[in-house]
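Next come the chains, spelled out residue by residue.
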Amino acid sequence: MKIEDVIKSTVTLSITKKVVLNLAFTKNYIGDKFNEILKPFEISGEQYNVLRILRGQKGKPINMQDIQERMVTKNSNTTRLIDKLLLKDMVERNICPENRRKIEVLITQTGLNILSELDPLVEAHENSLAEKLSNSELEQLNNLLEKIREN
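Read on for a plain summary of the structure.

The rules we used
Residues numbered from 1 in each chain as written. Predicted model: local features only at pLDDT ≥ 70, side-chain atom pairs only at ≥ 80, totals over all residues. Heavy atoms only, no water. Helix = DSSP H or I, 4+ residues; strand = E, 2+ residues; numbered from the N terminus. Rg over C-alpha atoms; globule rule 2.2 N^0.38 Å. Buried < 20%, exposed > 50% of the residue type's maximum accessible area, 1.4 Å probe, protein only. Contact = heavy atoms within 4.5 Å. Areas by Shrake-Rupley, 256 points an atom, 1.4 Å probe, with all protein chains shown as cover. Lys, Arg positive; Asp, Glu negative; His and termini not counted. Charge placed at Lys NZ, Arg CZ, Asp CG, Glu CD. Salt bridge = Lys/Arg side-chain N within 4 Å of Asp/Glu carboxyl O. Pairing = 2+ DSSP bridges. Axes fitted to C-alpha atoms, helices over the stretch in contact; angles between N-to-C directions. Parallel < 35°, antiparallel > 145°, perpendicular 65-115°, else oblique. Nonpolar A, V, L, I, M, F, W, Y, C, P; charged D, E, K, R; others polar.

Side note on the overall build of the protein
Line of reasoning, step 1. Each helix and strand counted, the protein has seven helices and three strands in total.
Line of reasoning, step 2. Counting from the amino terminus, the protein carries its helices and strands in the arrangement α-α-α-β-α-α-β-β-α-α.
Line of reasoning, step 3. Here the C-alpha atoms of the protein give a radius of gyration of 19 Å, more than 25% beyond the 15 Å that 2.2 N^0.38 yields for 151 residues.
Line of reasoning, step 4. Each of the 151 residues in the protein was classed as buried or not, and the buried ones make up 27%.
Line of reasoning, step 5. In the protein, the share of contacts with a sequence separation of at least 24, taken over all contacts with a separation of at least 6, comes to 48%.
Line of reasoning, step 6. Accessible surface, the protein: about 10,800 Å² in total, of which carbon and sulfur atoms supply 52%.
Line of reasoning, step 7. With 23 positive and 22 negative side-chain charges, the protein shows a separation of 5 Å between the mean positions of the two kinds.

Remarks on the pattern of salt bridges
Line of reasoning, step 1. Applying the stated criterion across every chain, the model contains two salt bridges.
Line of reasoning, step 2. Between Asp 119 and Arg 55 there is a salt bridge; the shortest N-O distance is 2.8 Å. A residue pair is termed long-range when its members are at least 10 positions apart, and Asp 119 in helix α6 (residues 109–130) and Arg 55 in helix α3 (residues 45–56) qualify at 64 residues.
Line of reasoning, step 3. What makes Arg 55 partly exposed here is its relative accessible area of 26%.
Line of reasoning, step 4. A salt bridge links Arg 93 to Asp 83; its shortest N-O distance comes to 2.5 Å. In this pair, Arg 93 sits in strand β2 (residues 91–95) while Asp 83 sits in helix α5 (residues 78–87), placing the two residues 10 residues apart along the sequence.

Examining the side chain of Gln 57
Line of reasoning, step 1. As for its placement among the helices and strands, Gln 57 is situated in the loop between α3 and β1 (62–63).
Line of reasoning, step 2. If we skip the residues at most four places from it in the chain, Gln 57 touches Ile 62 and Arg 70.

Observations regarding the sheet that holds strand β3 (residues 103–107)
Line of reasoning, step 1. Taken in spatial order, the three strands of this open sheet run β1-β3-β2, and their pairing is antiparallel. Looking at which strands have only one partner, the edges of the open sheet turn out to be β1 and β2.
Line of reasoning, step 2. Sheet analysis places β1 next to β3, joined by two bridges and oriented antiparallel. From the neighbouring strand, Asn 63 faces β3, where its bridge partner is Glu 104.

What to know about the packing of α3 against α6
Two quantities define a packed helix pair, namely the angle between the helix axes and the distance between the axes.
Line of reasoning, step 1. Closest axis-to-axis distance for the α3/α6 pair is 11 Å, and the angle between their directions is 110 degrees. Considered as vectors, α3 and α6 are oriented roughly perpendicular to each other. Contacts between α3 and α6 involve Tyr 48, Leu 51, Arg 52 and Arg 55 from the first element and Gly 111, Leu 112, Leu 115, Ser 116, Leu 118, Asp 119 and Val 122 from the second.
Line of reasoning, step 2. For the contact of α3 with α6, the residue count by class is six nonpolar, two polar and three charged.

Rendered as structure tokens:
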């Protein structure tokens, strides 16, 4: 469906405006579908991102600053996210033995179990989005999106 139809535009939109609106609309569309997957697990997309970062550490602790740098949503309040995951027993937080001002975070078995349940659901979500495009179209889209973000 064309973006003009989606937003019921009565004016002619420039191609630049169409692209920006399409990106914003698509971001929300993908995000809404993703949040539907997460809702039964009572975690947010940002909390999911933290859990994925922690799982990627393969049992090694990571400090709050490094988590923040790896976040997809850079303006997330990492401390608040970790606090919420602590309450759900999905992470543990410890003081770094070498530097007492540093806080290190590890994923717990509960957090790993949640991710194991979510993995096939998230993969199915991603595949359902990608199935509408060929591999070459996916490559082209990925390259174009990366090009938009170049400084």
